Amino acid sequence: SMNHLKKKLISGLLILVPVIMTYVVLSWFFYKVDGLLQPVVSKSIGRDMPGLGFLVLLIIIYVTGMLGENFIGKRIINLMGAGILKAPVVGTIYSSAKQLIESFSGGENSSFKHVVLIEYPRKGVWTVGFLTGTTVDENENALSIVYIPTAPTPNSGWVAIIPSGEVYYTDLSVSNAMRLVLSGGIMSPDKIGQGDGPNAKRETNN
């Protein structure tokens, strides 16, 4: 019957669509990354070898990670970073990207001071954000600068400047909040409690 056929087709789609989407995303990522070094590798060995550029990049990342944990390696990387920072335009891009990555790691150098919630896109709906700073308007009213990450690629988020009284501070750590965002909400905490913001409660304008 038509109902039987329709039901089976829907069931098949529900099974296959996630598989196809996973394949498309992984294929795109693989060929984009592979394409970064493939031309250089191909010229070196005289022929194309799909996947070799990806493998070389993994080796470079691994070696860089090892250098980053070594005293001399750290000095070299810091000197290179300092040199890039002095370059016009490039230095600004590098500095911003470096700060963003460090913030996502939740380490000591993180620019994310607190994990917060703001009511967006409408009243009664809450969005996870990271407090990055505070400022005031022309009337000395407190404003909060909040980075709003997008799921599942938090580096493509946006910045909101909102009245500080509309910011709710949570007890979530940056790493737990990042897991929540990266998983699209699947890896959610059992409880989101009130955190210790500047006033230990929701900020209010004085």
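Residues numbered from 1 in each chain as written. Predicted model: local features only at pLDDT ≥ 70, side-chain atom pairs only at ≥ 80, totals over all residues. Heavy atoms only, no water.

A description of the sheet that holds strand 1 (residues 114–119) should follow, citing residues and the corresponding values.
Judged by pairing direction, the sheet is antiparallel, and its five strands sit side by side in the order 4-3-2-1-5 without closing on themselves. At either margin of the open sheet sits one strand with a lone partner, and together these are strand 4 (158–163) and strand 5 (167–169). For this sheet the average axis-to-axis angle between neighbouring strands, irrespective of direction, equals 45 degrees. Across three bridges, the pairing between strand 1 and strand 5 is antiparallel. Looking at strand 5, one finds that I118 is bridged to V167. Across the sheet, helix 5 (residues 174–182) lies against strand 1 and strand 2 (126–136), angled at about 135 degrees from strand 2, the strand it touches most. (Pairing = 2+ DSSP bridges. Helix = DSSP H or I, 4+ residues; strand = E, 2+ residues; numbered from the N terminus. Axes fitted to C-alpha atoms, helices over the stretch in contact; angles between N-to-C directions. Contact = heavy atoms within 4.5 Å.)

Break down the side chain of S164 for me, citing the residues and quoting the values.
Position of S164 relative to the elements: it lies in the loop between strand 4 and strand 5. At 3.4 Å, the side chain of S164 and the backbone nitrogen of L143 are in polar contact. (Polar contact = N/O pair within 3.5 Å; in protein donor to acceptor, adjacent residues only side chain to side chain.)

Give a detailed account of helix 5, specifying residues and quantitative values.
Every buried residue of helix 5 is listed here: V174, A177, M178, L180 and V181. For helix 5, the angular spread of the buried residues around the axis is 155 degrees, confining them to a single face. Directly after helix 5, the chain includes G184, whose backbone phi takes a positive value near 70 degrees. (Buried < 20%, exposed > 50% of the residue type's maximum accessible area, 1.4 Å probe, protein only. Arc of directions from axis to C-beta.)

Residue-level account of the confidence of the model for the chain, with values.
For residues with low pLDDT, the predicted coordinates do not support detailed interpretation. The pLDDT averaged across the chain works out to 77; a share of 83% of its residues lies at or above 70. Residue range residues 199–206 is modelled with pLDDT below 50. Its contacts to residues more than four positions away, or to other chains, number 21 contacts. (pLDDT = per-residue confidence, 0-100.)

Please give an account of the pairing of strand 1 that cites residues and values.
Across six bridges, strand 1 lies against strand 2 in antiparallel orientation. Bridge assignment links V116 to a residue of strand 2, and that residue is G129. Between the antiparallel neighbours strand 1 and strand 2 lie six residues, among them G124 with a positive phi of about 90 degrees.

Before we move on, could you go through the pattern of salt bridges and cite the residues and values that matter?
Within this structure, the stated rule accounts for one salt bridge. Salt-bridge contacts for K123 lead to E119; the nearest nitrogen and oxygen are separated by 3.5 Å. Of the residues examined, K123 reaches a relative accessible area of 69% and is grouped as exposed. On the basis of relative accessible area, E119 is assigned to the partly exposed category, the value being 30%. (Salt bridge = Lys/Arg side-chain N within 4 Å of Asp/Glu carboxyl O.)

Quick rundown of the side chain of T127? Include the residues and the values.
Mapped onto the fold, T127 is located in strand 2. Among the polar contacts listed, one links the side chain of T127 to the backbone oxygen of Y120, at a separation of 2.7 Å. Discounting residues that sit within four places of it in the chain, T127 has contacts with V116, L117, I118, Y120, P121 and I148.

Account for the nonpolar core, naming residues and giving values.
Counting 11 residues, the largest nonpolar core is built from F112, V115, L117, V128, F130, Y147, L172, V174, A177, M178 and L180. Within the residue set of this core, elements represented by two or more residues are strand 1, strand 2 and helix 5. Formed by nine residues, the second largest nonpolar core is a distinct cluster that contains I148, A160, V167 and Y169. (Core = buried A, V, L, I, M, F, W, Y, C linked by side-chain atoms within 4.5 Å.)

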